[in-house]
Amino acid sequence: MILKKRILSMLLVVALLLSVMPMPALAAETNEDGYIEIYTIEDLYNVRNDLSANYILMNDIDLTAATAPGGDWDSDGNGWKPIGGTFSGEFDGNGKKIIGMRIDSSSASSYSRLGLFASVSGTVKNVGTLDSYFGGNMYLAGSVKTDYYGVEHKTNATFENT
């Protein structure tokens, strides 16, 4: 009887500990058109977890406070951390905007590829930015794509309505 109580007590302690531990977010689901829907800043940030998937922006996303110095999505004082690697999927902005994205690489010792994406070989379309700041040492042709001294690098990439 005492052994059963001890085992039950231990199981309850384990269950209690598991209930208060943070759990990773579940993988995003793909909609009927084959796109992963983006609603939040976290959804947008998580695009970097699958650079070959297809995404669709479902609403405007305001990064103004989030990427301001000290904001929740301020990467080491530099603002938004561009989606790194080479994005090879499709990003459909769905006519929506990224608002207030701040990227400041002035503390970088070398030029950085900055924008919503650091590099793109896929398709980015129907997305715009509003009231955003891009400054410092960077290659940038626009807010969603990279640039090298004013010459857009579009090798195997498509930009539509951006």
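Note that the structure is predicted; figures quoted are calculated from it, not measured.

Reading the values: rules and limits
Residues numbered from 1 in each chain as written. Predicted model: local features only at pLDDT ≥ 70, side-chain atom pairs only at ≥ 80, totals over all residues. Heavy atoms only, no water. pLDDT = per-residue confidence, 0-100. Helix = DSSP H or I, 4+ residues; strand = E, 2+ residues; numbered from the N terminus. Contact = heavy atoms within 4.5 Å. Salt bridge = Lys/Arg side-chain N within 4 Å of Asp/Glu carboxyl O. Buried < 20%, exposed > 50% of the residue type's maximum accessible area, 1.4 Å probe, protein only. Polar contact = N/O pair within 3.5 Å; in protein donor to acceptor, adjacent residues only side chain to side chain. Patch = residues over 30% accessible without salt bridge, like charges linked within 9 Å, V, L, I, M, F, W, Y side chains within 5 Å. Areas by Shrake-Rupley, 256 points an atom, 1.4 Å probe, with all protein chains shown as cover.

Enquirer: Please explain the confidence of the model for the protein chain as it appears in this structure.
Expert: Reading fine detail from the predicted coordinates is not recommended where pLDDT is low. Looking at the protein chain, pLDDT values average 76 and 68% of them are 70 or higher. The secondary-structure element of the protein chain with the lowest mean pLDDT is strand β13 (residues 151-152), recorded at 34, while strand β1 (residues 36-38) shows the highest, at 97. Note that residues 145-158 has pLDDT below 50 and, in this model, 39 contacts with residues that lie over four places away or in other chains.

Enquirer: Is there a simple way to explain the pattern of salt bridges in this structure?
Expert: Think of it this way: side chains of opposite charge can pair up when their charged atoms draw near. In total, this model carries three salt bridges according to the counting rule given. In this structure, E90 and K125 form a salt bridge, with 3.3 Å as the shortest nitrogen-oxygen distance. With E90 in strand β5 (residues 90-99) and K125 in strand β9 (residues 123-130), this pair connects stretches of sequence that are 35 residues apart. This pair shows no difference in class: E90 is buried, exactly as K125 is.

Enquirer: What's the story with the side chain of R102 in this structure? I'm lost.
Expert: By the element assignment, R102 lies in strand β6 (residues 102-105). Within the local environment of R102, its side chain forms a polar contact with the side chain of D74, the two groups lying 2.8 Å apart. Setting aside residues up to four positions removed in sequence, R102 forms contacts with T67, A68, P69, D74, G77, N78, G79, W80 and Y133.

Enquirer: When you look at a nonpolar patch on the surface in this model, what are you seeing that I'm missing?
Expert: Taken together, L3, I7, M10 and L11 make up a surface patch of nonpolar side chains, about 430 Å² in accessible area. With respect to the helices, strands and loops of the structure, M10 is situated in helix α1 (residues 2-20).

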